[in-house]
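# Residue-level structure breakdown
Listed below are the residues making up each chain.
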There are 2 protein chains.
Amino acid sequence: MRLYLLPAPLSRKAPYWAYPLWAEVAKSLQHFFVERAARVRFLLEKTGVSAEAALYEYDPVRGDWPWEAYEKVFTQRAAAGLLTEAGLPGVADPGWSVVRRAHAEGYTVLPLAGPSSITLALAASGLAGQRFTFWGYPPIEKKARRQFLQHLYRAARDHTQILMETPARSPQLLQELKETAPPTLLLCVAHRLTEEEGFVRTYPVSQWPPLTLPKGPTLFLMGV
Amino acid sequence: MRLYLLPAPLSRKAPYWAYPLWAEVAKSLQHFFVERAARVRFLLEKTGVSAEAALYEYDPVRGDWPWEAYEKVFTQRAAAGLLTEAGLPGVADPGWSVVRRAHAEGYTVLPLAGPSSITLALAASGLAGQRFTFWGYPPIEKKARRQFLQHLYRAARDHTQILMETPARSPQLLQELKETAPPTLLLCVAHRLTEEEGFVRTYPVSQWPPLTLPKGPTLFLMGV
């Protein structure tokens, strides 16, 4: 009757991070809801989770979880784990719908501490962390994207604004922000967080040095 | 020339959590900017940080950091650590201004992963984690507080809304939310996260069971 939320590292190349508690909890479980088995199997193996443990994988094509497996586990009142691709399950990923159902069925939800790219980027940005908004990805379509960014520039006066971009489109977004944001706005780029080649840099838009951002997971933050 | 952001546990009573990397980094440092020395000294001792290490404490009365210590450390280009009361430094605390200055002076900012009550509560809420806004504390004054909460009820339709309340005022805020929020709104209470007596519960406002919330650090989340 317990659903454990097991955080995953942001990158396989991150320094070893699995906490004693994480391994202890994971080893006690036989059922795991996972966003992508290929991404988390190494972690489970590393921490000594039984090879017999069942992994129920999210289906990105249908955009849904295997609820039949879910029914079975939850009917048995068995303990289960939830693991998504990177970071905290349920934050900027499809994990939240498993958690919602667990609440509805009276399960105790136990989140384990671990990395979240959103709060790590905010901590390292030097932008005010008292109020902030996370938006996920910006729209792709040109007009909607322009309007969205303009909204963020205004909103950044009161709340630090955080968005992410796909590895492939990150260099283009940095260029767009440098070209369209107010010159005094503070713009932070958090690239490949927790990796050796990662960095977090914050400058006013007008002072951003020329930089060819390599492709990679990147968050963009704006504030005053 | 490195400023390390060292997360602190959310509670002293939390299960042991300090990561191998945390201790390794902390032991290599001689200078720490800390929100409250009394709160973090046990952690530094536990991880074997030298008793000679200097702790520069935030002054909550002046509402500022000891910038003269800061100047000294940063003029020497010495590595330093930043530790606030609980969670990730710079997120919902005064740590961000040290980080901002580090960026301005060309320091490399390196955030270490650790717990943040905000993302832990979001993960465990079962509310959508794709878009969310964190507000800090609600206003105390009656009229401003009512308007603020009404704004949140509307905003919760698109973005999960997150706020915190002081331990003493948390029971009262839960009562207010139950009395004034739309009956179908999903309301999550995340109380004493990571502690043995902690819990996270989510129900529609109309179905919230009677509960005398004990005093303690609590986050409130709303969504649809």
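Cut-off values and rules
- As a convention, each chain's residues are numbered from 1 in the sequence order in which they are written.
- The order in which chains are written sets their letters, starting at A; the order in which ligands are written sets their numbers, starting at 1.
- This being a predicted model, a pLDDT of at least 70 is required before a residue's local features are given, and a value of 80 or more before pairs of side-chain atoms are given or counted; all residues contribute to the totals for chains, interfaces and linings.
- For side-chain calculations, the full set of non-hydrogen atoms in the structure is used, while hydrogens and water are omitted.
- By definition, residues are in contact when any of their heavy atoms lie within 4.5 Å.
- A pair is scored as a salt bridge if a Lys or Arg side-chain nitrogen falls within 4 Å of a carboxyl oxygen belonging to Asp or Glu.
- Each helix corresponds to a stretch of at least 4 residues labelled H or I by DSSP, and each strand to a stretch of at least 2 residues labelled E; elements are numbered beginning at the N terminus.
- Each residue gets one label: Ala, Val, Leu, Ile, Met, Phe, Trp, Tyr, Cys and Pro are nonpolar, Asp, Glu, Lys and Arg are charged, and the others, such as Gly, are polar.
- Strand pairing is defined by DSSP finding a minimum of two bridges between the two strands.
- To get an axis, a line is fitted to the C-alpha atoms, and for a helix only the part in contact is used. The angle between two axes follows their N-to-C directions and goes from 0 to 180 degrees.
- Here the nonpolar core consists of buried residues drawn from Ala, Val, Leu, Ile, Met, Phe, Trp, Tyr and Cys, with membership extended through side-chain atoms lying within 4.5 Å.
- Here's how the labels work: a residue is buried when its accessible area is under 20% of the maximum for its type, exposed when over 50%, partly exposed in between, all with a 1.4 Å probe on protein chains only.
- Two aromatic rings from Phe, Tyr or Trp, using only the six-membered ring of Trp, form a pair when their centres are within 6.5 Å; if the ring planes differ by under 30 degrees the pair is stacked, by over 60 it is edge-to-face, and anything between is tilted.
- Criterion for a charge above a ring: Arg CZ or Lys NZ at most 6 Å from the ring centre, at most 35 degrees from the ring normal.
- Note that domain bounds follow an automatic or database assignment of domains.
- Two parts lose some accessible area (1.4 Å probe) when they are put together, and adding that loss for both gives the buried area.
- Definition of a polar contact: a pair of N or O atoms within 3.5 Å, with one able to donate and the other able to accept a hydrogen when the atoms are protein atoms, and with sequence-neighbouring residues admitted only if both atoms are side-chain atoms.

Interface size is commonly expressed as the accessible surface area that is lost when the partners come together. Taken together, the contacts link 48 residues of chain A with 48 residues of chain B. Counting every contact that joins chain A to chain B gives zero salt bridges. Mapped by element, the contributors of at least two residues to the side of chain A that touches chain B are helix 4 (96–104), strand 5 (108–111), helix 5 (117–125), strand 6 (132–134) and strand 9 (199–204) of chain A. At seven residues, helix 5 of chain A tops the list of elements feeding residues into the side of chain A that touches chain B. By residue class, the composition of the side of chain A that touches chain B is 31 nonpolar, 13 polar and four charged. Note: strand 6 of chain A against strand 6 (residues 132–134) of chain B, three bridges, orientation antiparallel. Bridging across to strand 6 of chain B, F134 of chain A finds its partner in F132 of chain B.

All names here are of chain A. Strand order in the open sheet formed by five strands is 3-2-4-1-5, and the pairing between neighbours is parallel. Unpaired on one side and paired on the other, strand 3 (54–57) and strand 5 mark the two borders of the sheet. The average undirected angle you get between the axes of adjacent strands in this sheet is 25°. Strands in contact with helix 4 are strand 1 (2–5), strand 2 (31–34), strand 4 (80–83) and strand 5; relative to strand 1, the strand with the most contacts, it is inclined by about 155°.

If you look at the biggest cluster of nonpolar residues, it comprises 82 residues, and the most contacted ones within it are F33 and L219 of chain A together with F33 and L219 of chain B. When near neighbours in sequence (up to four residues on either side) are disregarded, L219 of chain A contacts S117, I118, A121, F134, I162, L163, M164, C188, V189, A190 and L193 of chain A. V34 of chain A together with Y19, L43 and L44 of chain B belong to the second-largest nonpolar core, a separate cluster that totals 36 residues.

Scanning the entire structure with this criterion turns up 21 aromatic pairs over all chains. The interplanar angle of 75° and the centroid separation of 4.8 Å between the aromatic rings of W67 of chain B and Y70 of chain B together place this pair among those described as edge-to-face. Linking W67 of chain B with Y70 of chain B, this pair stays in helix 3 (residues 67–75), spanning three residues, or about one helical turn. By relative accessible area, Y70 of chain B is classed as buried at 1%. These aromatic residues form a ring-pair network of at least three members: F33, Y56, W67, Y70, F74 and Y107 of chain A. The aromatic ring of F42 of chain A is capped on one face by R12 of chain A, whose charged end is 4.1 Å from the ring centroid. A cation over an aromatic ring shows up here: R201 of chain A above the ring of F199 of chain A, its NZ or CZ 4.3 Å from the ring centre.

Another point: the environment of S116 of chain A. Relative to the elements of secondary structure, S116 of chain A occurs in the loop between strand 5 and helix 5. Residues S116 of chain A and L10 of chain A, 106 residues apart in the sequence, show an inter-C-alpha distance of 7.6 Å. Excluding residues that lie within four positions of it along the chain, S116 of chain A makes contacts with L88 and V91 of chain A together with T119 of chain B.

The strand order across the open sheet formed by 10 strands is 9(A)-8(A)-10(A)-7(A)-6(A)-6(B)-7(B)-10(B)-8(B)-9(B), and the pairing between neighbours is mixed. Here the strands that pair on one side only, and so sit at the sheet edges, are strand 9 of chain A together with strand 9 (199–204) of chain B. Going across the sheet, the axis of each strand differs from the next one's by a mean of 15°, ignoring polarity. Sheet analysis places strand 7 (residues 160–165) of chain A next to strand 10 (residues 218–223) of chain A, joined by five bridges and oriented antiparallel. When the bridges of strand 10 of chain A are listed, M164 of chain A appears paired with L219 of chain A. On top of the sheet, helix 5 of chain A reaches strand 6, strand 7, strand 8 (186–191), strand 9 and strand 10 of chain A together with strand 6 of chain B; it is set at about 50° to strand 10 of chain A, its chief contact. Against the sheet, helix 5 (residues 117–125) of chain B touches strand 6 of chain A together with strand 6, strand 7 (160–165), strand 8 (186–191), strand 9 and strand 10 (218–223) of chain B, its axis set at about 50° to strand 10 of chain B.

Here we take up the pairing of strand 1 (residues 2–5) of chain B. All names here are of chain B. In terms of strand pairing, strand 1 meets strand 5 (residues 108–111) through four bridges, oriented parallel. Looking at strand 5, one finds that R2 is bridged to T108. In this sheet, strand 4 (residues 80–83) lies alongside strand 1 in parallel orientation, the contact comprising three bridges. Opposite Y4, over in strand 4, you have G81 as the bridge partner.

Residue and element names in this part refer to chain A. Partitioning chain A into structural domains gives domain 1 (2–111) and domain 2 (117–223). Centre-to-centre separation of domain 1 and domain 2, based on C-alpha positions: 29 Å. Listed per partner, the contact involves seven residues of domain 1 and nine residues of domain 2. Taken together, both faces of the contact between domain 1 and domain 2 bury some 540 Å²; the carbon and sulfur share is 66%. Of all residues in domain 1, the largest losses of buried area upon contact with domain 2 belong to L10, K13 and A92, amounting jointly to 67% of the total for that side. Where domain 1 meets domain 2, there are zero salt bridges. Viewed at the interface, domain 2 and domain 1 are joined by one residue pair in polar contact (both at pLDDT 80 or more). In terms of residue class, the side of domain 1 that touches domain 2 is built from five nonpolar, one polar and one charged.

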